[in-house]
Amino acid sequence: MARAARKAAAAAPLSPPPTFSSPSSAGSLTRARRLLARGAEASFSGTPRELARGCVLASWVKAHGFHNARRAFDGTPATSLPQRTAIISGCARGGRHADGLRAFAEMLGGGGGGGTTAAPNAFVLAGVLRCCAGLGDVESGRRVHGWMLRAGVRQDVVLCNALLDMYAKCGHHGCARRAFGAMFDKDAVSWNIVVSACLQGGDVPGAVRLFDESPLRDTSSWNTIISGLMRNGCASEALERLQRMVRAGVVFNNYTYSTAFALAGMLSLLDLGRQLHGRVVIASLEDDAFVCCSLMDMYCKCGEMEAALSIFDRWSRFTGDVKFAWSTMVAGYVQNGREEEALMFFRRMLREGVPAEQFILTSVAAACGNAGMVEQGRQVHGFVEKLGHRFDAPLASAMVDMYSKCGSLEDACRIFDRAHAKNVALWTTMLSSYASYGQGRMAIEIFDRMKAEKIAPNEITLVAVLSACSHGGLVSEGNHYFKLMQEEYGIIPGTEHYNCMVDLYSRAGLLDKAKNFIEENNISHEAIVWKTLLSACRIHKHMEYAKLASEKLVQLEQCDDGSYVLMSNMYATNNKWLDTFKLRSSMRERKVRKQPGQSWIYLKNAVHTFVAGDVLHPRSVDIYAYLEKLMVRLKEMGYTSRTDLVVHDIEEEQRETSLKFHSEKLAIAFGIISTPIGTPLRIFKNLRVCEDCHEAIKFMSRATDREIVVRDMYRFHHFKDGSCSCEDFW
């Protein structure tokens, strides 16, 4: 009952977002000139007037931009190097990088102010290089570097570090390495920048070698190598470095703790996370926002949502700006499959006046998609529109995935078309959506459009393409893309790619080819490929290969409940009742329990869940009465029960009765009697829809003139006018 209450609360409508106003900035230019006037007259304990004006200008640039500062600057006496330095450094610190380059160009050309040309010093050049780095403008950075060499500028360590940083941030890691090699003096920052550049370029061995060679390893150095190893997928090596850091007695800072918590969460090392939590308490860093969010995220990734919530509640009582903490908690509930609580937490956030930022709406959209809550998903879409958020790639991906998982492929396509910048993740999400609906041709068309846009596919994209070919029965196309991924894109096939190929052949009935593919590619040690083959053997009634796959799974100790059930059902449908009995006895001995089949439907902000033969629903009497009448109508239309699929040794009449009350049929019957005529129905099932239900639902859609969308654990089935979108191939 408590779970039902939580589901009902999660399905409730979302509250409207709060609105905010922004302050006015009138009179800013006047205040700037007053400040400059005061700065010009002040002594600043002996600081020259020009330096005083420069300090004020730097602050004004950072707060109000180059153009306002330029206008204020023009009203002051003749320009000087400190003033120009202040403008450029203020632009660099304030993120106004284009303005900084413009000011530098004026400085070299003698433009603006009194027209005098001031030679830039190392401090100015360092600021200019930071502006180039911020813009990713390596060509301007190269020109500055060349000018420095021609002018014979003395390159101290600060200026050299700015040069290294520019090349690294512009992605020219080889140039950064060469500049590093040319440096006479190096400090810890120099070593950190070049190690980070190697890691960004994917040269993990080179980064590790440089780190080990460095004589100046401080806390930032350890942070750089550990976080860089994590980003490059070397979590185990990162953990080993963290342990070495502890043994070396290096003091942790807040970034170290945040990185360590992320590592513990990545590897699901709860004990390590708890030890780090204890050190945070001792170091009095519990109230540090950066550390606290990482700590909550670690507990979320380790499945300890109650611990994460406890930290959130304690922290939120003492600080006001906790929007990242809200996002962490919502994402944590989604990651742990607790979508109803994610939505409840989101509503609590809105009640407390926390603005709905894009990143949290991305998580909420994922929650709605995973749970199939299309109405709540539409409300999230409404939030995005009302708040004026742009459909950037992450948010668009989440919305496309949400609509797709909720059975509305048309809405998913509309969001995809509206997205401003389509990255590889968004293209892959759209491609996967078509694949899950069995629309292999459309998935291939999306892939071709993606290539035309010069977007390079990654490993996940190719999994989606091969899956689309598999679900669409496109065998020759699947073979083509499997070769293409290696020959054109240099992607080495992984387990998922191999399994897609086994599935491609198996679904098409090419079981010999599937078996040979497993053996030829040396993937017999992968349990998933044998499970895929076993599933196909049941559909194509191939007992010999089914036994082979079952034996392999037992050898690999990967024979889970699904594999046992598949084999047991094969024996039963072939009337091998003794073999069925032995296999079920083996399941009991190994304490393997079959996952019960469930179907559910969302109606009127509530979740209604059914199991086969369910009598617990408040409207069970009405549901069964309607279903009895409907099944009579279906038989008159030509429907015949697939009693051969019943896996129990019972009489024919009992077999028909057991099929009649499968969970998806009960959910559909409830949906029909609870909604107006013609309302589309969306049903969700935790297992694969059976052949009998699939056939019955085709007749139901025609008899009731309804569109019925069923999402099972593998794909979508869109029933309309007596046919299914899968064309009976799934």
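Residues numbered from 1 in each chain as written. Predicted model: local features only at pLDDT ≥ 70, side-chain atom pairs only at ≥ 80, totals over all residues. Heavy atoms only, no water.

Secondary structure assignment for the protein chain yields 38 helices and 6 strands. Looking at the protein chain as a whole, 51% of its 730 residues are labelled buried. Within the protein chain, contacts between residues separated by at least 24 positions form 65% of all contacts whose residues are at least 6 apart in sequence. Of the roughly 33,700 Å² of accessible surface on the protein chain, a fraction of 52% belongs to carbon and sulfur atoms. (Helix = DSSP H or I, 4+ residues; strand = E, 2+ residues; numbered from the N terminus. Buried < 20%, exposed > 50% of the residue type's maximum accessible area, 1.4 Å probe, protein only. Contact = heavy atoms within 4.5 Å. Areas by Shrake-Rupley, 256 points an atom, 1.4 Å probe, with all protein chains shown as cover.)

A positive phi angle, near 55°, is found at S268, a position not held by glycine. Mapped onto the elements, S268 comes out in the loop between α15 (254–266) and α16 (270–282). The exposure class of S268 is partly exposed, given its relative accessible area of 48%.

What the 6 strands build is an open sheet, ordered β2-β1-β3-β4-β5-β6; its pairing is mixed. Because the sheet does not close on itself, it has two edges, and the strands there are β2 (606–610) and β6 (723–724). Two elements, strand β3 (residues 681–685) and strand β4 (residues 708–711), share 4 bridges in a ladder whose sense is parallel. Each bridged residue has a counterpart across the sheet, and for L681 the counterpart in β4 is I708. (Pairing = 2+ DSSP bridges.)

Within this structure, the stated rule accounts for 28 salt bridges. Among the salt bridges present, the one from R338 reaches E341, with a minimum N-O distance of 2.9 Å. For E341, a relative accessible area of 18% corresponds to the buried category. The shortest N-O distance in the salt bridge between E636 and R633 comes to 3.9 Å. Here E636 pairs with R633, and both are found in helix α35 (residues 620–636), just 3 residues apart, close to one helical turn. (Salt bridge = Lys/Arg side-chain N within 4 Å of Asp/Glu carboxyl O.)

Both faces of β4 are covered, namely the face carrying I708 and V710 and the face carrying V709 and R711. For the crossover from β3 across helix α38 (residues 691–704) to β4, the handedness is right-handed. (Right-handed = clockwise from strand over helix to strand, strands pointing away.)

What follows concerns the packing of helix α29 (residues 495–507) against helix α30 (residues 511–520). At a minimum axis separation of 7 Å, α29 and α30 run at an interaxial angle of 160°. The orientation of α29 with respect to α30, classified from their angle, is roughly antiparallel. Helix-helix and strand crossings are classified by hand; for α29 and α30 the assignment is left-handed. Contacts between α29 and α30 pair Y498, M501, V502, Y505 and S506 from the former with L511, K513, A514, F517 and I518 from the latter. Residues belonging to the contact of α29 with α30 are distributed by class as follows: 8 nonpolar, 1 polar and 1 charged. (Axes fitted to C-alpha atoms, helices over the stretch in contact; angles between N-to-C directions. Parallel < 35°, antiparallel > 145°, perpendicular 65-115°, else oblique. Left-handed = near helix turned anticlockwise from the far one by under 90°. Nonpolar A, V, L, I, M, F, W, Y, C, P; charged D, E, K, R; others polar.)

Turning our eyes to something else, we now look at the packing of aromatic side chains. Within this structure, the stated rule accounts for 22 aromatic pairs. On the numbers, 5.8 Å between centres and 50° between planes, the contact of Y333 with F345 is tilted. Placement of the pair is Y333 in helix α19 (residues 323–335) and F345 in helix α20 (residues 339–351), with a sequence separation of 12 residues. F345 carries the same exposure label as Y333, and that label is buried. Among the aromatic residues, ring-to-ring pairing joins F312, W326, Y333 and F345 into one connected group. Sitting over the ring of F211, R217 keeps its end group 5.2 Å from the ring centre. Over the face of the ring belonging to F416 we find K422, whose NZ or CZ atom lies 5.1 Å from the ring centre. (Phe/Tyr/Trp six-rings, centres within 6.5 Å; stacked < 30°, edge-to-face > 60°. Lys NZ or Arg CZ within 6 Å of the ring centre and 35° of its normal.)

Below, the discussion takes up the UniProt feature "repeat: PPR" (unreviewed entry) in the protein chain. Here, UniProt's "repeat: PPR" (unreviewed entry) annotation points to residues 218–252, 288–318, 322–356 and 423–457. Here residues 423–457 is 74% helix and 0% strand, with 10 Å between the C-alpha atoms at its ends. (UniProt positions renumbered as here; feature names shortened; annotations may be inferred.)

Two elements in contact, helix α23 (residues 393–405) and helix α24 (residues 409–418), have axes separated by 7 Å at closest approach and are oriented at 165°. Comparing the axis directions of α23 and α24 gives the class roughly antiparallel. The crossing of α23 and α24 is left-handed. Along the contact surface, α23 presents A396, M399, V400, Y403 and S404, while α24 presents L409, D411, A412, I415 and F416. A per-class count over the contact of α23 with α24 returns 8 nonpolar, 1 polar and 1 charged.

In this model, α20 (13 residues) spans 19 Å end to end at C-alpha, consistent with the 18 Å of a helix rising 1.5 Å per residue. Of all the 13 residues making up α20, 10 are buried; the element is thus mostly covered by neighbouring parts of the structure. Taken together, the buried positions of α20 are occupied by E339, E340, E341, A342, L343, F345, F346, R347, M349 and L350. At the C-terminal side of α20, G353 shows a positive phi close to 80°. (Expected span 1.5 Å × (residues − 1).)

In this section: the pairing of β3. In terms of burial, β3 is largely enclosed, as 4 of its 5 residues are buried. Pairing analysis gives 2 bridges linking strand β1 (residues 599–603) to β3, with the strands arranged antiparallel. Following the sheet pairing, S599 is matched in β3 by K685.

This next bit is on the nonpolar core. Within the largest apolar cluster, 179 residues are counted, with the highest numbers of intra-cluster contacts made by M166, I225, M329, F346 and M399. Residues F610, L627, L666 and A667 belong to the second largest nonpolar core, which totals 29 residues. (Core = buried A, V, L, I, M, F, W, Y, C linked by side-chain atoms within 4.5 Å.)

A separate point is the confidence of the model for the protein chain. Here the protein chain averages 81 in pLDDT, and 79% of its residues register 70 or above. Least confident of the elements in the protein chain is helix α2 (residues 28–41), whose mean pLDDT is 36; most confident is α29, at 95. Here residues 60–64 is a poorly scored stretch, pLDDT under 50, and it has 18 contacts once near neighbours within four places are set aside; other chains count. Low pLDDT (under 50) marks residues 112–116, which in the prediction has 12 contacts with non-local residues, meaning those over four places away or in another chain. (pLDDT = per-residue confidence, 0-100.)

A rise of 1.5 Å per residue sets the reference length of helix α17 (residues 289–301), with its 13 residues, at 18 Å; its end C-alpha atoms lie 18 Å apart and thus fit the reference within 8%. Of all the positions in α17, only V291, C292, C293, S294, L295, M296, M298, Y299 and C300 are classed as buried. Buried-residue contacts for α17 involve α15, α16, α18 (305–316) and α19. With a side-chain oxygen positioned 3.0 Å from the backbone nitrogen of F290, the residue opening α17 is D288. Note on α17: the residue one or two positions beyond its end, G303, has a positive phi of about 80°. (Polar contact = N/O pair within 3.5 Å; in protein donor to acceptor, adjacent residues only side chain to side chain.)

Here we come to the environment of T640. Positionally, T640 belongs in the loop between α35 and α36 (652–660). Looking at T640, the relative accessible area reads 56%, which means it is exposed. Residues T640 and D692, 52 residues apart in the sequence, show an inter-C-alpha distance of 8.6 Å.

Turning our attention to the environment of F719. Turning to its location among the elements, F719 is positioned in strand β5 (residues 716–720). By relative accessible area, which is 0% here, F719 ends up buried. Sequence separation between F719 and K698 is 21 residues, and the spatial gap between their C-alpha atoms is 5.9 Å.

With that settled, the discussion passes to the side chain of T428. With respect to the helices, strands and loops of the structure, T428 is situated in helix α25 (residues 424–436). Judged by relative accessible area, T428 falls into the buried class, the value being 6%. In this structure the side chain of T428 is engaged in a polar contact, spanning 2.7 Å, whose partner is the backbone oxygen of V424.

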